[in-house]
Structure formats: structure tokens, C-alpha cells
Amino acid sequence: MTTTFPYPVRRRTSRTGAPRLTALMGLLLAGWAAGACSIVLALSSDHVRQPGVQASLMVWIVLSCVVAGVIAWWNRPGRFGPLMIAAGFGVFLSSLSWSNNGVLFTLGMMFDLVPAVIFLHLYLAFPTGRLDSPVARVLVISGYVTALGVEAVRMVLGGFGSGGVLVIRSMPDADRVIMHVQLVVLSLLALAGIGVLLARRRGVGRPLRRPLALLIDSFGLGLIMIAFLFLSAAFGYVEGDPAFEQIRRATFFVIGLAPLAYVAGLLNSRLLSSAVGDLVIELQTNPLCGDLRDALARALHDPSLTLAYWLPDFGSYVDLDGHPVTLPAPSDARAVARIGQDGAHVAVLLHDASLNDEPELLDSVVAAAGIALQNMRLQAELRARVGELAGSRARVIEAGQKERQRLERDLHDGAQQRLVALSLELSLLQEQLGGDHDLTTRLDGAKRQIAVSLAELRDVAHGLHPAVVSGHGLVVALEELAAHSPVPIRLTIEIEGRLAEQIEVAAYYMVCESLTNIGKHAQATEAAITVAREAGSIVIEVVDDGVGGADTERGSGIRGLADRIEALGGRLQVWTPRGGGTRVRAEIPCGS
């Protein structure tokens with residue numbers, strides 16, 4: 001049988017895509033060098049106000065982005081780490097505008113506004129490093145065009161004084177208008193980016209884990225500060241103004257917090273992963289841990305976790321007790337992670353969707369519980385097979401009972417009716433013959449044989465299926481048995497109304513078989529029959545004062561009764577000490 005699964009198999013995360021450690025160390029050194037170069041440029045510049053403060057803020061952003069990007073790239077290979085590193089070096093390139101060299105100054109001014117767009121790109125691309133929505137792509141592309149393309153036009157128009165090397169014609173008024181438009185557009189793009197972040201957060205439909213929520217909040221705060229800085233520059237504030245400088249410093253400080261918030265989230269994931277060690281110890285202590293779901297829930301900090309095992313022979317998922325489990329469709333609140341081992345599907349975890357934000361934790365817990373999951377799956381399969389066997393046995397007994405009922409009905413409606421008709425016909429024939437004594441005697445003998453045959457057929461039919469149970473219920477049937485018992489019976493019945501027919505039939509046969517054994521073997525002087533409800537079950541007891549010591553293993557009667565009762569989810573117990581009588585007790589669930 002081939003089954004197609006709707007969910008990807010979760011295995012331990014590989015390090016495919018992670019750069020070499022030497023490359024990362026090189027990037028770290030380059031970041032420190034960029035920071036040092038910014039300090040030198042600021043301190044040696046002839047046009048930078050408060051170079052110490054400016055250099056400190058620049059180093060703060062460059063190093064926070066580069067260091068956090070390296071950590072991110074190493075721990076979670078993908079595009080987000082490199083993008084964060086690029087943001088750090090982009091900020092460094094803008095610091096080249098502090099240089100007294102015309103070429104470096106021009107290059108720096110070209111990148112003067114690019115860092116703001118890079119951070120917009122970074123925030124909207126979290127956590128994969130890809131811009132997944134068309135709106136985000138439009139915003140980022142528009143930002144790069146505005147920051148680079150319009151900046152190039154301004155440089156051609158001499159917008160940055162005589163220091164630029166690209167000046168073709170000085171048009172300060174036109175440059176001023178273009179600059180205002182450029183800053184307003186970038187401000188609007190930043191505000192639109194905040195809208196995207198808010199829409200994404202609301203669209204999730206679930207509470208984010210605290211570190212991730214703080215990170216998203218830091219992204220939004222950074223975009224607010226960028227928009228406020230650009231609007232301040234566009235409407236009245238100029239560089240050197242104390243209020244404007246305070247806004248710029250606050251903006252730089254907030255922007256540098258986002259990479260640190262990301263690293264804090266990674267560290268939090270590492271701390272949460274310490275629960276994996278506790279899980280490993282617990283599973284080593286008890287590899288057949290019956291509370292594996294609870295252990296996984298504790299390790300993943302998800303009390304709503306559900307664990308289901310895949311049984312290929314059944315083509316379905318089951319819980320540990322072997323009961324079928326229907327998987328819900330993945331949603332904003334619940335996620336499904338399939339677990340595989342050695343290419344084979346083993347189980348699924350139904351977990352809170354916020355765990356998708358911490359893939360390392362989820363993968364580590366799954367890997368640590370691998371052997372236990374396989375053991376639990378085998379246990380679930382065993383219980384499912386036991387359940388299937390019980391269901392099969394119940395169906396066999398039910399089919400047998402229906403067949404016995406059919407045979408009883410056929411005997412009653414067929415052979416018995418014909419024998420009764422034959423007896424009546426012989427009686428009419430006897431009246432017509434009148435005085436022939438010899439023939440009358442022979443007819444009397446034939447009628448007696450027919451009567452015996454009828455009695456035997458009724459006994460056979462009654463043994464096949466007790467029609468009195470179907471017609472009048474268990475109470476009436478037991479009263480009839482007690483009336484024909486070979487020993488005096490004390491009958492106590494503490495139930496009201498009818499029970500399910502299969503329960504009544506099983507109880508009747510149990511009492512009938514017990515009374516038969518009492519009459520044949522027990523040498524008892526009396527017996528007691530009790531029927532009562534106890535904790536959602538019907539309890540039937542038959543107790544005699546006979547010699548006891550009955551062999552419950554040989555005869556097929558007790559074994560057949562046990563099969564019938566166990567098929568209904570009940571159990572049969574027999575106590576038969578020598579000289580102490582026999583006690584037969586059956587408990588059958590009845591649901592109330």
C-alpha cells in the first residue's frame with residue numbers, strides 16, 4: 001500500500017548551507033576593521049561635528065549587525081544572517097562620507113540613505129531572509145531606487161557641495177526639492193513597512209513567543225525612528241541642530257538594538273534546548289516511558305502537544321492506546337510535524353504553531369526522543385492489533401449469535417410446527433379409526449414420540465438462542481431458570497429496564513452454564529444468583545455451597561463464556577476452592 005503524506009518528514013537539522021568557520025572569523029575581523037576605519041574617518045574629518053559621538057554610534061551599529069549576522073549565519077544557515085552582515089557593512093560604507101578624499105566622500109554619500117533601506121529589507125525579510133509578500137518586495141525595491149537612484153541625481157546637481165566628484169551642474173533649489181521628496185518617500189516606505197509587520201503579526205492569529213515578540217517590536221520601533229528622522233530632516237531640521245542630533249542618535253541606538261534582540265532570541269532558544277538534556281536523562285531512566293507525550297510537552301513547553309503514531313498496516317494514525325487519531329489541517333494555531341527515522345515514517349507531533357519559530361528546539365527534542373518514539377509506536381501498534389483482535393472476536397461472536405438465532409427461528413417455524421401439525425393429524429386419524437384398539441395404541445405411541453421430539457427440539461432451539469431473553473428480557477429469563485433449577489435458588493436482581501441484547505444473552509448463558517454445572521457436579525444444596533449495576537457495569541454472580549474444586553480449564557463451557565464476555569469488554573472470574581463451593585462472577589460494561 002502506498003500512502004502520500006501531506007506533511008514533510010522532520011529530521012534532525014543538518015548544517016547544509018553554513019559557511020566555514022574561517023570565513024565567519026574573516027567577516028568578524030572585517031567588521032572590526034570597518035568599525036576602526038569609521039573611527040579614523042570621523043576623528044580625521046574636517047566636516048564632522050562631534051566625531052567621537054558619531055563614530056561611537058557608527059561602530060555600535062556596524063558591530064552589532066556584523067556580529068549578530070555571523071552568529072545567525074552559523075546557527076541558522078540561510079539568507080537572514082548574510083543580510084544582517086550586509087546591513088552592517090552598508091552602514092560602514094555610508095561613513096565614508098566623513099572622508100576628506102573626494103572619491104571616498106562621493107561613495108559615502110551614495111550610500112548615505114541606503115542603510116535605512118537595508119534595515120527595511122532586513123526587517124521585512126525576517127526570519128528566512130526572503131521577501132515573501134509582493135507588498136514587501138515593492139517597498140524594498142522602491143526604497144533602493146529612492147535611496148540610490150535619486151541620490152545619484154542629487155549628486156549630479158551638486159547637492160552635497162563641492163566635495164562630490166560627480167557634479168555636472170549646481171542647482172541647489174532643485175536639489176532641495178528632490179531631497180524633500182526623497183526623505184518623505186523613504187519615510188512613507190518605513191511607515192508602510194510597519195504596516196506590513198503589524199499585518200503579519202495579526203495574521204498569525206496566535207501569541208508569539210516572548211523573544212520573537214520583542215524582536216518584532218524592535219523592528220517596528222526601528223522603522224518608526226527611521227521615519228521620524230527622515231520627516232524631521234524633510235521639514236525644518238538641519239544637520240547640527242541639537243534636536244535633530246538627539247533624534248539621529250536615538251535612531252542609531254534603536255537600530256543597533258534589533259540585531260542584539262535577535263541574538264537574545266537565539267540564546268533563549270539555546271536555553272530552552274537545555275530541556276533536551278532533561279528529556280534524554282528521563283528517557284535513559286525509562287526508555288519505555290509511558291508518558292512520552294508529557295515528557296515531550298515539558299521539553300517543548302507546549303502543554304497542548306498531541307502525539308500520534310503512524311501504523312502503515314492500518315493506514316492510519318493512532319494514540320498510545322491504539323485508538324485512531326484524525327489529524328487536523330495545519331492552521332495558524334496548530335502545526336503538524338511528521339517524524340521519520342531511517343527513511344520510515346514513525347509519528348507526528350501536533351503542536352502549537354509558535355514552535356515553528358524555534359526549529360532547533362523542535363528538532364533536538366525529536367532527535368532525543370527517537371528511540372522512545374519507535375518503542376511507543378510499536379506499543380501503539382500492539383494495542384491497535386489487540387483492539388482489532390477484540391473487535392474481530394466480538395464480530396465473530398455476534399455473527400455466531402445471529403446464526404444461532406436464525407437456526408432457533410427456523411426450528412421453531414419449521415420442524416416444530418410440522419411435528420405439531422403431524423401430532424394433530426394423528427389425533428384426527430385416531431378418532432376416525434374408532435374401535436381398532438391395536439392401531440389406536442400404535443398411534444398413541446407415535447404421538448408420544450412426536451411429543452418427545454418436540455421437547456428435544458425445543459431444548460435444542462433454546463440452547464441455540466434463548467428466545468425468552470429476546471422476547472421478555474433478562475429478568476424474566478432468569479426467573480424461569482431459577483424455577484427449573486435442580487437446587488433452590490435465591491435470586492436477587494437490582495436492575496431496571498432492558499439492557500443491550502448481547503449483554504442480556506451473555507448474562508443468561510453465564511447463569512445457565514453455572515446452574516448446569518451445579519446440577520451435574522457441585523453436589524450443592526442451594527445457590528444464589530445476584531445481578532446488579534456497579535460503576536457502569538453489570539455484575540452477575542452465581543454462588544453455590546457445593547464441593548468446589550471445579551476444573552475451569554478443561555471444559556469448553558467456561559472458556560466459551562469467557563470469550564463471549566471478554567468480547568463485550570468484560571471479564572469472567574471463577575473461584576472454586578475444594579470444599580468451599582464455587583463462585584462465578586462476570587462484569588460487563590453497560591455504559592451507565
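Worth saying up front: this structure is predicted, and the values here are computed from it rather than measured. (Residues numbered from 1 in each chain as written. Predicted model: local features only at pLDDT ≥ 70, side-chain atom pairs only at ≥ 80, totals over all residues. Heavy atoms only, no water.)

**Quick notes on the side chain of Glu-541**
So, step 1. Relative to the elements of secondary structure, Glu-541 occurs in strand S9 (residues 537–544).
So, step 2. Separated by 2.6 Å, the side chains of Glu-541 and Arg-583 make a polar contact.
So, step 3. Polar side-chain contacts of Glu-541 include one of 2.7 Å to the side chain of Arg-585.
So, step 4. Residues within four places of Glu-541 in sequence aside, it is in contact with Ala-528, Ile-529, Thr-530, Arg-583, Val-584 and Arg-585. (Helix = DSSP H or I, 4+ residues; strand = E, 2+ residues; numbered from the N terminus. Polar contact = N/O pair within 3.5 Å; in protein donor to acceptor, adjacent residues only side chain to side chain. Contact = heavy atoms within 4.5 Å.)

**Looking at the sheet that holds S9**
So, step 1. If you trace the 5 strands from one edge of the open sheet to the other, you get S7-S8-S9-S11-S10, paired in mixed fashion. Edge positions in the open sheet fall to strand S7 (489–494) and strand S10 (571–575), since each of these has one partner strand only. Neighbour-to-neighbour, the strand axes of the sheet open up by a mean angle of 10°, direction not taken into account.
So, step 2. Relative to strand S8 (residues 527–534), S7 is paired through 6 bridges, and the arrangement is parallel. Across the sheet, the residue bridging to Glu-494 is Ala-532, located in S8.
So, step 3. Against the sheet, helix H17 (residues 474–483) makes contact with S7 and S8, and its axis sits at roughly 170° relative to S7, the strand it touches most. (Pairing = 2+ DSSP bridges. Axes fitted to C-alpha atoms, helices over the stretch in contact; angles between N-to-C directions.)

**So, a nonpolar patch on the surface**
So, step 1. Together, Leu-188, Leu-191, Leu-231 and Phe-235 line one region of the surface with nonpolar side chains, adding up to about 380 Å² of accessible area.
So, step 2. Phe-235 gets classed as exposed once you look at its relative accessible area, which sits at 57%. (Patch = residues over 30% accessible without salt bridge, like charges linked within 9 Å, V, L, I, M, F, W, Y side chains within 5 Å. Areas by Shrake-Rupley, 256 points an atom, 1.4 Å probe, with all protein chains shown as cover. Salt bridge = Lys/Arg side-chain N within 4 Å of Asp/Glu carboxyl O. Buried < 20%, exposed > 50% of the residue type's maximum accessible area, 1.4 Å probe, protein only.)

**Re the pattern of salt bridges**
So, step 1. One pass over the full model with this rule turns up 6 salt bridges.
So, step 2. A salt bridge links Arg-585 to Glu-541; the nearest nitrogen and oxygen atoms lie 2.7 Å apart. Within this pair, whereas Arg-585 is found in strand S11 (residues 583–589), its partner Glu-541 is found in strand S9, the two being separated by 44 residues in sequence. You'll find Arg-585 and Glu-541 in the same group, each marked buried.
So, step 3. Between Glu-587 and Arg-571 there is a salt bridge; the shortest N-O distance is 3.9 Å. Remark: Arg-571 occurs in strand S10 and Glu-587 occurs in strand S11; sequence separation between them is 16 residues.
So, step 4. Given a relative accessible area of 21%, Glu-587 falls into the partly exposed group.

**Overview of helix H5 (residues 114–124)**
So, step 1. Of all 11 residues in H5, 11 are buried, a share of seventy percent or more.
So, step 2. Residues of H5 that are buried include every one of Val-114, Pro-115, Ala-116, Val-117, Ile-118, Phe-119, Leu-120, His-121, Leu-122, Tyr-123 and Leu-124, and no others.

**Observations concerning the packing of aromatic side chains**
So, step 1. A complete count under the given rule lists 4 aromatic pairs for this structure.
So, step 2. Between Phe-80 and Phe-126, the aromatic rings sit 5.3 Å apart at their centres with planes inclined by 75°, giving edge-to-face as the arrangement. One end of the pair, Phe-80, is in helix H3 (residues 80–94); the other, Phe-126, is in the loop between H5 and helix H6 (134–156), with 46 residues separating them in the sequence. As far as the burial class goes, Phe-80 and Phe-126 line up, both buried. (Phe/Tyr/Trp six-rings, centres within 6.5 Å; stacked < 30°, edge-to-face > 60°.)

**Concerning unusual backbone geometry**
So, step 1. The phi dihedral of Gln-50 falls on the positive side, at around 50°, and the residue is not glycine.
So, step 2. Relative to the helices and strands, Gln-50 resides in the loop between helix H1 (21–44) and helix H2 (51–75).
So, step 3. We note that Ala-535 has phi near 50°; this positive angle belongs to a residue other than glycine.
So, step 4. Counting through the fold element by element, Ala-535 comes out in the loop between S8 and S9.
So, step 5. By relative accessible area, Ala-535 is classed as exposed at 87%.

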